[in-house]
Amino acid sequence: MSLNFLRNIVFIIVLLLAQTLLLNHISVFGCATPLLYVYFALTVQRGEAKWATLLWCFFMGLLVDIFTNTPGVAAASMTLVGFLQPYVVELFAPRDSADDLRPSPFTFGSSKYTNYTIILVLIYCFTFFSLEAFNLYNWGQWIACIVASTIITVVLILVIEYFRSKR
Amino acid sequence: MRNLLDFLSRHNHWFVFLLLEVVSLTLLFKYNSYQGSVWFSSANAVAGKMYEWDSSVKQYFALTEVNRQLTDRNIYLEREVEMLREQVKKSNNDTTLVERLQQNIMRDYETIPAKVVSSSLDKANNFITIDKGSADGVRKDMGVVCGQGIVGIVYLCNEHYSVVIPVLNEQSNISCTIRGRGYFGYLRWHGGSPETAYVEDIPRHAHFRLGDFIVTSGYSSVFPPGIIVGRIKHVYNSENGLSYRLNIALSTDFSRLRDVSVINDREMDKKLELLRAAEDSIKARQ
């Protein structure tokens, strides 16, 4: 339990540093920013207590909010993703799999894992940019941000998963 | 009763979910009015320190470019001052006038040099964090400028860090004027390119040309008059057709902002006090 706790903390710090120091400065075509910290929610194991997942995800989002001055936006979106993640895992997990299954291309199969990533990242980007813009003043840009950020985030996550499973 | 308890314990994560969402949305909507929210911004000590380290590394690589820009600007200003001095001497034979004017301009204002430790460009509401706070004399609502022009207004202060609302924020609203022509308008930004912004509420009878400089008006006492904002690129009609809406190219390059100055107007408190007294006396009369 405590090992898991420490691992989560280290993972959060690494994602936070990567996001705020590196990825936030990337802005392809003026709107595609990789939001890698969603990856935290994607790696939650099956069978993890749902309330704990929610708290961890909220904490991750809150930290990102603090560092990027978007109060509550990432926290609300991360909590939503943390809430939906267990149900989406059930959709894609193979039938006769272990109870503490960790979602990855290795356990899910690559095409299923890609779909799983796309769904959750899309939900995240949609809530994040909707809350951030709030009024649909510039809906062209709003849609562009959602689509572009989803694509770049999914690609980044798949690349990272590829290297992790190779080891 | 037992069924109810059973139900609650089975679905406890629903309540955690709702609670966390409520907390998040409270943060989102109360941020503007809640003073303690400085802890939930990049002005808190940990986030500020981290961004400071980050920018102190990056700063090194930008030094040459910044130096070149400052030298260019210096040469340009020197020449302008020289030209104006000649003009003034010609027109009223007083050689000390310029010196006296210069002293007058800066007498009421004091500048606090600061470094940008984090900033964003691509959001609808961008913020800048600087490495000076209330311990260095920075207060809420002070103006922030850089060598190239206007930057924004201080929004939140911690002891050693502050968050600035730059021009690139939909809530930014700075009074400015067309240099040499005297018409007033408000500087607004509506997302999109970090290089352009709009000046709204310029009256229909105003005369000006494309390429004219936009400068601060000095009305708000946040900025001294005459700080450069940008140049007019296009002119549009406002939506109700009652005024002009100027599309301007901002003179400040927000993507490479490093060194800024916070402007402390010593007279600001007195001006505000006077304004408040005037409002009170009107209310008393009604």
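Residues numbered from 1 in each chain as written. Chains lettered and ligands numbered in written order. Predicted model: local features only at pLDDT ≥ 70, side-chain atom pairs only at ≥ 80, totals over all residues.

A short note on the overall build of chain B
Now for step 1: Scanning chain B from N- to C-terminus turns up five helices and twelve strands.
Now for step 2: Partitioning the intrachain contacts of chain B with sequence separation of at least 6 by distance along the chain shows that 58% fall at a separation of at least 24. (Helix = DSSP H or I, 4+ residues; strand = E, 2+ residues; numbered from the N terminus. Contact = placed C-beta atoms within 7 Å.)

Focus: the overall build of chain A
Now for step 1: Looking only at helices and strands, one finds seven helices and zero strands in chain A.
Now for step 2: Scanning chain A from its N terminus toward the C terminus, one meets helices and strands in the order α-α-α-α-α-α-α.
Now for step 3: The burial tally for chain A puts 41% of its 167 residues in the buried class.
Now for step 4: Partitioning the intrachain contacts of chain A with sequence separation of at least 6 by distance along the chain shows that 67% fall at a separation of at least 24. (Buried ≥ 20, exposed ≤ 12 C-beta atoms within 10 Å, placed from the backbone.)

A word on the environment of S149 of chain A
Residue and element names in this part refer to chain A.
Now for step 1: Relative to the helices and strands, S149 resides in helix α7 (residues 139-166).
Now for step 2: C-alpha separation for the pair S149 and C31, spaced 118 residues apart in sequence, amounts to 7.2 Å.
Now for step 3: Those residues in contact with S149, other than ones at most four positions away along the chain, are A32, T33, L35 and C125.

Observations concerning the nonpolar core
Now for step 1: With 97 residues, the main nonpolar core has Y37, V38, A41 and C57 of chain A together with V154, V164 and V260 of chain B as its most contacted residues.
Now for step 2: Among the domains, domain 1 (40-168 + 261-266) and domain 2 (174-256) of chain B are the pair contributing at least three residues each to this core.
Now for step 3: Setting aside its immediate chain neighbours within four residues, V260 of chain B contacts A114, V116, I130, V144, V145, C146 and V151 of chain B. (Core = buried A, V, L, I, M, F, W, Y, C linked by C-beta atoms within 7 Å. Domains from an automatic or database assignment.)

Describing the pairing of strand β11 (residues 243-250) of chain B
All names here are of chain B.
Now for step 1: Note: strand β8 (residues 196-203) against β11, six bridges, orientation antiparallel. Residue pairing across strands places P203 opposite S243, the latter belonging to β11.
Now for step 2: Two strands pair when backbone bridges link them, and strand β10 (residues 228-237) and β11 are joined in this way by seven bridges, in the antiparallel orientation. Bridging across to β11, N237 finds its partner in Y244.
Now for step 3: Counting the residues in the hairpin turn of β10 and β11 gives five residues, including G241, whose phi is positive at 75°. (Pairing = 2+ DSSP bridges.)

Points about the UniProt feature "transmembrane region" (unreviewed entry) in chain A
Residue and element names in this part refer to chain A.
Now for step 1: Following the UniProt record, one finds the feature "transmembrane region" (unreviewed entry) at residues 6-39, 51-68, 113-133 and 139-163.
Now for step 2: Helix makes up 100% of residues 51-68 and strand makes up 0%, while its end C-alpha atoms are separated by 26 Å.
Now for step 3: The span residues 139-163 carries 100% helix and 0% strand; its end-to-end C-alpha distance comes to 36 Å. (UniProt positions renumbered as here; feature names shortened; annotations may be inferred.)

Things to note about the interface of chain A and chain B
Interfaces are often sized by the accessible area lost when the parts come together.
Now for step 1: At the junction of the two partners, chain A supplies 28 residues and chain B supplies 25 residues.
Now for step 2: For the side of chain A that touches chain B, the elements supplying multiple residues, two or more each, are α3 (50-68), α4 (73-92) and α6 (110-133) of chain A.

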